[in-house]
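Spelled out, the chains give:
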Amino acid sequence: MVDWDRQRSRLSDRLRERVADEDVLAAIASVPRHQFVPDDKRHDAYADRPLPIGSGQTISAPHMVAIMAEVLDLSPGDRVLEVGTGCGYHAAVTAELVGPENVHSVEYHASLADDARETLEATGYGDISVRVGDGKEGWPEHAPYDRTYLTCAAPEFPAPLVEQTRDDGVLLAPIGDGQQRLIRAEKQADGTLDSEDHGGVRFVPLQ
Ligand code: SAH
């Protein structure tokens, strides 16, 4: 029998070198990543690396999910929009920090969204809402969001996403064609963004 719990808590401990937020580390220690990845990748679920999840898409390495959660500065009750549900793992980590009913995620590929819904239900995160659609348009019904993040790279923050984020709210995304930077942007009262660069990253592009 593989001791997944032990592997997972070791992973969370190793991430302590790069992530200081204990709530984020606890979230990583809680979400069963092995249940989100394809069966033939399970043995690698707690290695700190990206994994293929089908439809040509990739689940980010755990340290990237943790860093994004830390940079977003998530608090219980924050209403969050995620673009790019993928297998649902990142959404589940976010749900640990804000509560599953506050996480709204848009996925382009219907097959990935269906699988993610099923996995989220089976792992206790069924209150996360997942919609199939173009994440560039956001999800206006649940706006305004305190936090908005993309798990795929965009040339710039799509205007509807900026619109659907509240004033003083935060957006986070890999930005750039080709070379990408992880950009955190705070929305100002006049609608402009105050941006901060968190370094070079590599994500699949937005469709
Ligand atoms: N957060 C995911 C990682 C997903 S990889 C996880 O934990 O598994 C990026 C995801 O963005 C892919 O699933 C891809 O299908 C999705 N995506 C790409 N373009 C999109 C778009 N325009 N709208 C919504 N999702 C998109």
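In the annotation of an unreviewed UniProt entry, the chain is listed under the name Protein-L-isoaspartate O-methyltransferase and assigned to Haloarcula argentinensis. For the chain, the Catalytic activity (unreviewed entry) comment in UniProt is given as "[protein]-L-isoaspartate + S-adenosyl-L-methionine = [protein]-L-isoaspartate alpha-methyl ester + S-adenosyl-L-homocysteine". Per UniProt, the comment on the chain under Function (unreviewed entry) is "Catalyzes the methyl esterification of L-isoaspartyl residues in peptides and proteins that result from spontaneous decomposition of normal L-aspartyl and L-asparaginyl residues. It plays a role in the repair and/or degradation of damaged proteins."

J.: Can you help me understand the overall build of the chain in this one?
T.: Broken down by element type, the chain carries six helices and nine strands. Principal-axis analysis of the C-alpha atoms places the extent of the chain at approximately 55 × 35 × 35 Å. Within the span of the chain, comprising 207 residues, buried residues form 53% of the whole. Of the roughly 9,500 Å² that the chain leaves accessible, carbon and sulfur atoms contribute 45%. Looking at charge distribution, the chain has the averaged site of its 20 positive side-chain charges lying 6 Å from that of its 37 negative ones.

J.: Would you mind showing me how to read the sheet that holds strand 3 (residues 80-83) here?
T.: Pairing between the strands of a sheet is mediated by backbone hydrogen bonds and can be parallel or antiparallel. Taking strand neighbours across the sheet as the criterion, the seven strands line up as 5-4-3-6-7-8-9 in an open arrangement whose pairing is mixed. Because the sheet does not close on itself, it has two edges, and the strands there are strand 5 (129-132) and strand 9 (193-201). Going across the sheet, the axis of each strand differs from the next one's by a mean of 15°, ignoring polarity. Bridge count between strand 3 and strand 6 (residues 145-150): four bridges; the pairing is parallel. What sits directly across from L81, in strand 6, is T148. Relative to the sheet, helix 3 (residues 62-72) contacts strand 6, strand 7 (165-175), strand 8 (180-187) and strand 9, its axis offset from that of strand 6 by approximately 150°.

J.: Can you help me understand the site of the ligand in this one?
T.: Within the structure, the ligand sits among 25 residues, and T58, E107, D134, G135 and Q207 are positioned closest to it. Within the side chain of E107, one N or O atom sits 2.6 Å away from an oxygen atom of the ligand. Taking 580 Å² as the accessible area of the ligand by itself, protein coverage stands at 99%. For the shell around the ligand, the element with the highest residue contribution is strand 2 (residues 57-59), accounting for three residues. Residue composition of the shell around the ligand, grouped by class: eleven nonpolar, twelve polar and two charged.

J.: Is there a simple way to explain the packing of helix 2 (residues 22-30) against helix 4 (residues 89-98) in this structure?
T.: Where helix 2 contacts helix 4, the axes come no closer than 9 Å and their chain directions differ by 130°. One element, helix 2, and the other, helix 4, form an angle in the oblique class. As for how helix 2 packs across helix 4, the hand of that crossing is right-handed. Residues D23, V24, A27, I28 and S30 of helix 2 pack against Y89, V93, E96 and L97 of helix 4. Across the contact of helix 2 with helix 4, the residue classes break down as six nonpolar, one polar and two charged.

Quick notes on the rules
Residues numbered from 1 in each chain as written. Predicted model: local features only at pLDDT ≥ 70, side-chain atom pairs only at ≥ 80, totals over all residues. Heavy atoms only, no water. UniProt positions renumbered as here; feature names shortened; annotations may be inferred. Helix = DSSP H or I, 4+ residues; strand = E, 2+ residues; numbered from the N terminus. Buried < 20%, exposed > 50% of the residue type's maximum accessible area, 1.4 Å probe, protein only. Areas by Shrake-Rupley, 256 points an atom, 1.4 Å probe, with all protein chains shown as cover. Lys, Arg positive; Asp, Glu negative; His and termini not counted. Charge placed at Lys NZ, Arg CZ, Asp CG, Glu CD. Pairing = 2+ DSSP bridges. Axes fitted to C-alpha atoms, helices over the stretch in contact; angles between N-to-C directions. Contact = heavy atoms within 4.5 Å. Near = heavy atom within 4 Å. Polar contact = N/O pair within 3.5 Å; in protein donor to acceptor, adjacent residues only side chain to side chain. Nonpolar A, V, L, I, M, F, W, Y, C, P; charged D, E, K, R; others polar. Parallel < 35°, antiparallel > 145°, perpendicular 65-115°, else oblique. Left-handed = near helix turned anticlockwise from the far one by under 90°.

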